[in-house]
Amino acid sequence: MRNFKARPAAGLSLFRRLALATWDDPRDPSIRGTLELDATAALAHLEALHARTGERATLTHLVGRALAVVLAERPELHVLVRRGRLYPREDVDIFFQVALTDAHAPVGGCDLTGLVIRGADRKSLTDIAREFGERVAKVRRGSDPQLGPTRRRLAALSPTLLRPLQAALDVLQYRLGLHVPGFPRDPFGSAAVTNLGMFGVRWAYAPLFPPAHWPILLLVGAVKPRPWIVEVDGDSRIEVRPVLPLHATLDHRMLDGVQAARLSARIEELLLHPELLELPA
């Protein structure tokens, strides 16, 4: 008698095939935490920016910019693991995950990809939003010069070849630090931001993708109105405010609880006072 009844799934998306080729059973060092904050100032800042520049920046861009600033300020958090040692990175590149919902996503109309904003700590929020918009349009058309050719090459491979190829790329690109011709340089950046709030999801945690070697991944949840304690002239009162949940997944090999607390406090400060994220005039 069989222990269970099941049959192999067919027609898997490229991301699902890569995930199966990459991960074994869970044995990872991830730690997770959530930060909730009043998004009133952040939303007002985004509206003022749109009125001033015409660029439609989002909370995803704002969180990515805040994360980039923190990593630039705290290089001990901005590291990767190579050969059992920590290596501080020199460039703050933020990976933004992108959902594909068109013909490029064969199963259930959905697949996952992403793009990297290079030097995000040195770019304004407007610059990030503009570059993101231009790049994501190319990604969804399949014409992005960095990701398009790579996705087509990987999609042509059988599942049995994806795992050894991924392992070989990891050795060459990260253990040895070599740029492999035909594949983008450092394709996942140094940390990541993803957004499920756009689908109405408030609470979720995303896994760290091993080939990316991220120390930090931030998930942006849906902003919802909630009762919130507000301090006004030394008095406390309850008001309905838009509340933003941020959910972090951290690599415990690179960060500990004290560092996570400092990261959380600085992210909260920057998002409560988004004017701090503006570049010096």
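Please refer to the structure higher up on the page.
Nothing here was measured: the structure is a model prediction, and the numbers come from that model. (Residues numbered from 1 in each chain as written. Predicted model: local features only at pLDDT ≥ 70, side-chain atom pairs only at ≥ 80, totals over all residues. Heavy atoms only, no water.)

Participant: In this structure, what is going on with the nonpolar core? I would like to understand it.
Facilitator: Burial of nonpolar side chains together is a common tendency in soluble globular proteins. Core analysis: the biggest nonpolar cluster contains 50 residues, and Leu67, Ile94, Ile267 and Leu271 have the highest contact counts within it. Looking at this core, the element that brings in the most residues is helix H3 (residues 59-73), giving 9 residues. Apart from the residues within four sequence positions on either side, Ile267 is in contact with Leu35, Ala66, Leu67, Val70, Leu218 and Leu246. (Core = buried A, V, L, I, M, F, W, Y, C linked by side-chain atoms within 4.5 Å. Buried < 20%, exposed > 50% of the residue type's maximum accessible area, 1.4 Å probe, protein only. Helix = DSSP H or I, 4+ residues; strand = E, 2+ residues; numbered from the N terminus. Contact = heavy atoms within 4.5 Å.)

Participant: Mind showing me how you'd approach the layout of surface pockets here?
Facilitator: Over the atoms a probe the size of a water molecule is rolled, and this reveals where empty space is left. Of the voids in this model, the second largest pocket is the one considered here, and its volume is about 830 Å³. In terms of lining, the second largest pocket is formed by 31 residues, of which the most central are Thr22, Trp23, Pro210, Pro211 and Arg253. Broken down by secondary-structure element, the contributors of at least two residues to the lining of the second largest pocket are helix H1 (14-22), strand S1 (30-38), strand S2 (79-82) and helix H6 (159-175). Broken down by element, the residue count for the lining of the second largest pocket peaks at 6 residues, all from H6. (1 Å grid on protein atoms, 1.4 Å probe; cavity = no way out; pocket = protein on both sides within 12 Å on 5 of 7 lines; lining within 4 Å. Points joined across faces, edges and corners; volume = space filled by probe spheres on them.)

Participant: So what exactly am I meant to see when it comes to the side chain of Thr60 here?
Facilitator: Relative to the elements of secondary structure, Thr60 occurs in helix H3. Setting aside residues no more than four positions away along its own chain, Thr60 makes contact with Phe96, Val193 and Asn195.

Participant: Explanation requested: the packing of aromatic side chains in the structure shown.
Facilitator: For any pair of aromatic rings, geometry is given as the distance between the ring centres together with the angle between the planes. As enumerated under the stated definition, the model contains 5 aromatic pairs in all. Ring centres of Phe96 and Phe132 lie 5.6 Å apart, and the angle between their planes is 75°; on these two criteria the pair is classed as edge-to-face. Here Phe96, found in strand S4 (residues 94-100), pairs with Phe132, found in helix H4 (residues 125-141); they are 36 residues apart in sequence, far enough to count as distant. The residues Phe96 and Phe132 share a single accessibility class, namely buried. Taking 6.3 Å as the distance between ring centres and 90° as the angle between the ring planes, the aromatic pair formed by Phe188 and Trp214 counts as edge-to-face. Of this pair, Phe188 sits in the loop between H6 and strand S6 (191-195) while Trp214 sits in the loop between S6 and strand S7 (216-220), placing them 26 residues apart in sequence. For the pair formed by Phe188 and Trp214, the shared burial category is buried. By the ring-pair criterion, three or more aromatic residues cluster together here, those being Phe95, Phe188, Phe209 and Trp214. (Phe/Tyr/Trp six-rings, centres within 6.5 Å; stacked < 30°, edge-to-face > 60°.)

Participant: Teacher, can you tell me more about the pairing of S6 here?
Facilitator: Side chains on a regular strand alternate between the two faces of the sheet. In terms of residue burial, S6 counts as a mostly covered element, since 5 of its 5 residues are buried. A two-sided burial pattern is seen for S6, the buried positions comprising Ala191, Val193 and Asn195 on one face and Ala192 and Thr194 on the other. By the bridge criterion, 4 bridges tie S6 to S7 in an arrangement that is parallel. Opposite Thr194, over in S7, you have Leu219 as the bridge partner. (Pairing = 2+ DSSP bridges.)

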